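# Fold and contact review
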Amino acid sequence: MGMGLITKSKSSNSSSEGWGMGFLLVFFPEEHHQNQEQETTTTTAAANKKPTNLNLFPNSSPLRRNNSNHHLLNKAQSTISICLLLLFTTLLLFTLSTLPSSAATTAAARRHLYRIPRRHLSSRPDEPSSLLSSSSDSNLSHALQGMGNLYRRGSRAMSELVVAHATESLTPNELKLFLRLFHRSTLASRSDLLLLFPSKMGSFDNTILGENESFFKLLTQYKSSNNSHSSASFDVTHFMKLSKKERESGEPIWGRRIRSNSSEKDATESTRPSYGSVLGFDVEELDPENSLSGFLDHVPMSLRRWACYPMLLGRVRRNFKHVMLVDVKEYLLLGDPLGRVRSQSPESVLLTQSIPGKHGRRTQSTRQKTVNPGIVMGGSRGVRRLSNAMLTDIVRASMQHRKKNSITESGLFTQLVGNEFVLKNVNVVVSTESVPDLSSLSGSNSKSGFLARNNALIRRGNGNLDANSVVMKHICSFPIDSTVYSDC
């Protein structure tokens, strides 16, 4: 009776353990074969051996203890094998289920990033006027990595970038005057214009799009008329004469790339004008957390713009050789100011001095030269390092001053330029020449005197002079220009 129960329990144990041996053969084939041979040898030796002791409790024998240890080992190996197999299957199913959704999400994000109306894609690259006429502020595409607005995509990749920042008090008329003179300058044919705004304003978008349309009309009419006095008003030759290196510069980095046939591209390359891109960012995109708000009670645009430059210039550091930082409200671009730094090293930065007192007097208190932070130009590496140092200096000064709002941009910038240790990796050059004022040029009777080539950069001047009326009076004196601009 007892032996029968033992035999029955053995058979039930054997049947319950057989389901895990199949997985054991997969993961441990050699070890299982060795265990099976050992069990066979042990069983044969035990059968041949004559028992010397009649014990009614076989579980206490050494042979039963060995078999029990082997069964426990087999159970553990089977359990581990099953767990590993389940884990591998779960990871495989999870990977297969997430791959299609990731691809769909990437494709959707890519379509959202480069969202351009279908009618824009049908326009040819040599027809900028048709592209602009169908543009509106609701159809603007992103400029870079889902940020900014692309108002105009240039004809080629430029090596120079003009970053013009707008203050809180800038008006649409002041922005219009800055853009109008920039589009007539030599700089418009060889650089991209990036506008940095303190906030999003629809009136600024309409102003930028309107000036782009006027620029294309002006370019088309002067190109077809071959006017002999075009150099005195609008020199179209700067937009038509390109070197071989400039023609092979590729497409701009802004917006979506337009795929065109190589034969059509070669046919229109000789007649296609050269002009840069126009795009805009607001500070919330480049500095979303307002990093200086923890150090200052109120962060004006004159200080917050320095927190946007490291991110912006860092992303495009491989695309531009020279960079200019300019104040839209204070300066007007007429010629090619970057021509003075093209032959310098990438670490060079050219600065200008602020105009002294009202009558130009120099007293003991003004002995230290004040550097104007409204205009900074030089190599991209030097300008980027200078902007990083200025941001650090703003944070340091705000922590030292009890009155946080007493910090001024001009004082900090002048102090930074005088610190040679901080700017040891930047070759700073402070020009002794002062930027001419608009009031000093408005009295010229000659048509070519106001927009002379040696006046690459001018200041708007004091508030008593209406800069817009002075400039438009000069521009509207030319026949072609008076037909292009509606406010003539």
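Residues numbered from 1 in each chain as written. Predicted model: local features only at pLDDT ≥ 70, side-chain atom pairs only at ≥ 80, totals over all residues. Heavy atoms only, no water.

The next subject is the overall build of the protein chain. Within the protein chain, the secondary structure is distributed over 19 helices and ten strands. Across the 488 residues of the protein chain, 41% fall into the buried class. Partitioning the contacts of the protein chain with sequence separation of at least 6, the portion at a separation of at least 24 is 79%. Split by element, the accessible area of the protein chain, about 27300 Å² in all, is 54% carbon and sulfur. (Helix = DSSP H or I, 4+ residues; strand = E, 2+ residues; numbered from the N terminus. Buried < 20%, exposed > 50% of the residue type's maximum accessible area, 1.4 Å probe, protein only. Contact = heavy atoms within 4.5 Å. Areas by Shrake-Rupley, 256 points an atom, 1.4 Å probe, with all protein chains shown as cover.)

Our next topic: the sheet that holds strand S4 (residues 278-282). The strand order S1-S4-S3-S2-S5-S8-S7-S9 describes an open sheet built from eight strands, whose pairing is mixed. Both edges of this open sheet fall to strand S1 (149-152) and strand S9 (427-431), since each of them pairs with a single strand only. The sheet shows a mean angle of 25 degrees between the axes of neighbouring strands, taken without regard to direction. The sheet contact formed by strand S3 (residues 192-197) and S4 spans five bridges and is parallel. When the sheet's bridge partners are listed, leucine 193 is paired in S4 with valine 278. Packing against the sheet, helix H6 (residues 172-183) makes contact with S1, strand S2 (160-165), S3, S4 and strand S5 (322-327), and its axis sits at approximately 170 degrees to S3. (Pairing = 2+ DSSP bridges. Axes fitted to C-alpha atoms, helices over the stretch in contact; angles between N-to-C directions.)

A few words now on the environment of methionine 472. Within the fold, methionine 472 resides in helix H18 (residues 467-475). Through-space distance from the C-alpha of methionine 472 to that of cysteine 488 is 7.0 Å; in sequence the pair is 16 residues apart. With near-sequence residues (within four places) excluded, methionine 472 lies in contact with Arg180, Tyr485, Asp487 and Cys488.

As a further point, take the confidence of the model for the protein chain. The predicted structure's coordinates, where accompanied by low pLDDT, should not be read in detail. Here the protein chain averages 75 in pLDDT, while 66% of its residues score no lower than 70. With pLDDT under 50 throughout, residues 1-33 is counted as low confidence; its partners more than four residues away or in other chains account for 22 contacts. Confidence drops under pLDDT 50 across residues 357-367; counting only partners more than four residues distant or on other chains, this segment forms three contacts. (pLDDT = per-residue confidence, 0-100.)

Glancing now at the pairing of S2. The element S2 is largely enclosed, with a buried count of six among its six residues. Side chains Glu160, Val162 and Ala164 project from S2 onto one buried face, and the interleaved Leu161, Val163 and His165 project onto a second face that is buried too. Direction of pairing for S2 relative to S5: parallel, over a ladder of six bridges. Its bridge partner lying in S5, histidine 165 is registered against aspartate 327. Inspection of the sheet shows S2 paired to S3 by five bridges, in the parallel sense. Bridge assignment links valine 162 to a residue of S3, and that residue is leucine 193. Each parallel crossover has a hand, and for S2 linked through H6 to S3 it is right-handed. (Right-handed = clockwise from strand over helix to strand, strands pointing away.)

Right, let's talk about a nonpolar patch on the surface for a bit. Taken together, the side chains of Phe88, Leu92 and Leu96 make up a nonpolar region of the molecular surface, amounting to roughly 320 Å² of accessible area. Its location among the elements puts leucine 92 in helix H3 (residues 62-113). According to the relative accessible area criterion, leucine 92 is partly exposed, its value standing at 42%. (Patch = residues over 30% accessible without salt bridge, like charges linked within 9 Å, V, L, I, M, F, W, Y side chains within 5 Å. Salt bridge = Lys/Arg side-chain N within 4 Å of Asp/Glu carboxyl O.)

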